[in-house]
Amino acid sequence: MKFTLAAALVFLTNISATTAFSNPPSFGKTSLKLKGSFSDEFGIPCGDDCATAKYPNMPESVHPGVLSGKSMIDLLEDAKKKGYALPAVNCVSSSGINACLEAARKNDAPVIIQFSSGGSQFYAGKGLDNTDYKAAIAGAISGAFHVRALAEQYGVPVLLHTDHCAKKLLPWIDGLLDASERYFETHGEPLFSSHMIDLSEEPIEENIEICKKYLERMSKMGILLEMELGITGGEEDGVDNTDVPLEDLYSKPEEIYQVYEELIKVSDMFTVAAAFGNVHGVYSPGNVKLEPKILTRAQDYVSEKLGDKAPEDKKPVSFVFHGGSGSSVDDIQEAIGYGVIKMNIDTDTQWSYWEGIKGFESKYHDYLQTQIGNPEGPEKPNKKYYDPRECMRAAEVKTVERLEQSFGDLKCQQVLGLGEMKSADNVLGPRRGGLPV
């Protein structure tokens, strides 16, 4: 078989069955067999967690690696039914991705890894020209390949997602959908699991109409659409919503039903990032007032409109919690009870990554000022301290620690049934994978 990078990458999912969502999804007519994994393709050893065929506590379709189509829907339905939500972590580097995968395995849980347009551009390299978003497209695709190659090795299921895409950024998503369509032709699954389209600043009619067009294209491949209704306050990735009118931070049940009513005509493969006072960033207590009960009022309203067609749990809408960093555990878990299945995390993990680097510098400060010369002597070399793997690993460790808190807050721990993660055996020195200090 001729080698291509696309042909190398992991699982084909069986996307033939209908899902537990209220209507059968549009991808339900396609039937494909599992072809094999990245490890199978290249003869990479794949034992222990990597070789997991079925998780003890998960639907049968859920497997290690990137999910889409039926396996993704089954996972999200499992979260909704059992009352947990998946942490969705913004990543800008392979190091950040690895920290997320390690944290997921240590917490015996699935995870969502997501890229913003700015994060995608950074992943490609700030030295690349980004005209027509070509660097952002290349960076997101590169990150997707990285996740696909390693998620299986960590033995965890991953949803591969892209974050906020405003109207001006739609060419970025178009490029990624082009890539997924090419990937789908070869593998029977898309490159990405889901994409967010954020047209919350546009009139609601335009927001819905554009989302319907993208949902039609995406659902054919088993890609889920996340749409935003209402505005998330604060500032993130160059988008400043600190001065938006207060009423725009809270979605109305009627608007949520309007979205649901229109999108369900295309496919049920969508989630709604409704606004209930969410704010990007971390602020002093009292400056952010979340109103999770907006979500349960919306579920009641939509269920009433659906009548006999409403699901038994009366939670027809799957919600996404934006601006999760800094939120109280009570607000988070209340929102989960109202149908939140995903919570975005960025600010807190940005800080944890920096905190790891800051702590490493503080601990070894006197060894990091020159290449030669430290408290042990003027001729002593400092290479093993300024080796970039050292401070990056310190950053990863802190991020894994912070994400453990997030998994706990979201009640997303020990949900796979794999048990404790085995300790990594990489103690043979820097040339064999170990770290110098």
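In what follows, the accompanying structure is described. (Residues numbered from 1 in each chain as written. Predicted model: local features only at pLDDT ≥ 70, side-chain atom pairs only at ≥ 80, totals over all residues. Heavy atoms only, no water.)

1. Notes on the side chain of Ser116
Stage number 1. Within the secondary structure, Ser116 is located in the loop between β3 (111-115) and α4 (117-124).
Stage number 2. Of note is the side chain of Ser116, whose polar atom sits 2.9 Å from the backbone nitrogen of Gly119. (Helix = DSSP H or I, 4+ residues; strand = E, 2+ residues; numbered from the N terminus. Polar contact = N/O pair within 3.5 Å; in protein donor to acceptor, adjacent residues only side chain to side chain.)

2. Things to note about empty space enclosed by the protein
Stage number 1. Scanning the entire structure with this criterion turns up two cavities of 30 Å³ or more.
Stage number 2. Empty space within the largest cavity amounts to approximately 80 Å³.
Stage number 3. Looking at the largest cavity, the residues that line it are Leu76, Ile112, Leu159, His161, Ser194, Leu224, Glu226, Thr271, Val320, Ile341 and Lys342.
Stage number 4. Secondary structure elements with two or more residues in the lining of the largest cavity: β4 (157-162), β6 (224-229) and β12 (340-345).
Stage number 5. Looking at the lining of the largest cavity residue by residue, the classes come out as six nonpolar, three polar and two charged. (1 Å grid on protein atoms, 1.4 Å probe; cavity = no way out; pocket = protein on both sides within 12 Å on 5 of 7 lines; lining within 4 Å. Points joined across faces, edges and corners; volume = space filled by probe spheres on them. Nonpolar A, V, L, I, M, F, W, Y, C, P; charged D, E, K, R; others polar.)

3. Notes on the environment of Pro253
Stage number 1. By the secondary structure assignment, Pro253 is in helix α8 (residues 253-263).
Stage number 2. Sequence-wise, Pro253 and Val302 are 49 residues apart; in three dimensions their C-alpha atoms are separated by 7.6 Å.
Stage number 3. In contact with Pro253, not counting residues within four places along its chain, are Arg297, Ala298 and Tyr301. (Contact = heavy atoms within 4.5 Å.)

4. Observations regarding the pattern of salt bridges
Stage number 1. One pass over the full model with this rule turns up 19 salt bridges.
Stage number 2. In this structure, Asp49 engages Arg105 in a salt bridge whose closest nitrogen and oxygen atoms are separated by 2.6 Å. Residue Asp49 is found in the loop between α1 (38-42) and β1 (65-66), and its partner Arg105 is found in helix α3 (residues 94-106); the two are separated by 56 residues along the sequence. There is no split in this pair, since Asp49 and Arg105 are both buried.
Stage number 3. Here Lys134 makes a salt bridge to Asp129, at a shortest N to O gap of 3.7 Å.
Stage number 4. On the basis of relative accessible area, Asp129 is assigned to the partly exposed category, the value being 44%.
Stage number 5. One salt-bridge network, in which partners are shared between bridges, spans Glu102, Lys106, Arg393 and Glu396. (Salt bridge = Lys/Arg side-chain N within 4 Å of Asp/Glu carboxyl O. Buried < 20%, exposed > 50% of the residue type's maximum accessible area, 1.4 Å probe, protein only.)

5. Observations regarding helix α13 (residues 388-409)
Along an α-helix, residues three or four positions apart point the same way, because every turn accommodates 3.6 residues.
Stage number 1. Over its 22 residues, α13 runs 32 Å from end to end, which matches the ideal 32 Å to within 8%, given 1.5 Å per residue.
Stage number 2. Of all the residues in α13, the buried ones are Glu390, Ala394, Ala395, Glu396, Thr399, Val400, Arg402, Leu403, Ser406, Phe407 and Asp409.
Stage number 3. At the exit of α13 stands Lys411, carrying a positive phi of roughly 55°. (Expected span 1.5 Å × (residues − 1).)

6. A short note on the nonpolar core
Stage number 1. Counting 101 residues, the largest nonpolar core has Ile113, Val147, Val272 and Phe319 as the members making the most contacts within it.
Stage number 2. Listed in part, the five residues of the second largest apolar core include Phe360, Tyr364, Tyr385 and Ala394. (Core = buried A, V, L, I, M, F, W, Y, C linked by side-chain atoms within 4.5 Å.)

7. What about unusual backbone geometry?
Trans is the common state for peptide bonds, and a negative phi is the common state for residues other than glycine.
Stage number 1. Not every positive phi belongs to a glycine, and Lys411 is a case in point at roughly 55°.
Stage number 2. Note on placement: Lys411 falls in the segment after α13.
Stage number 3. With phi around 55°, Gln414 is a residue other than glycine that occupies positive phi space.
Stage number 4. Among the residues examined, Gln414 registers a relative accessible area of 52% and is labelled exposed.

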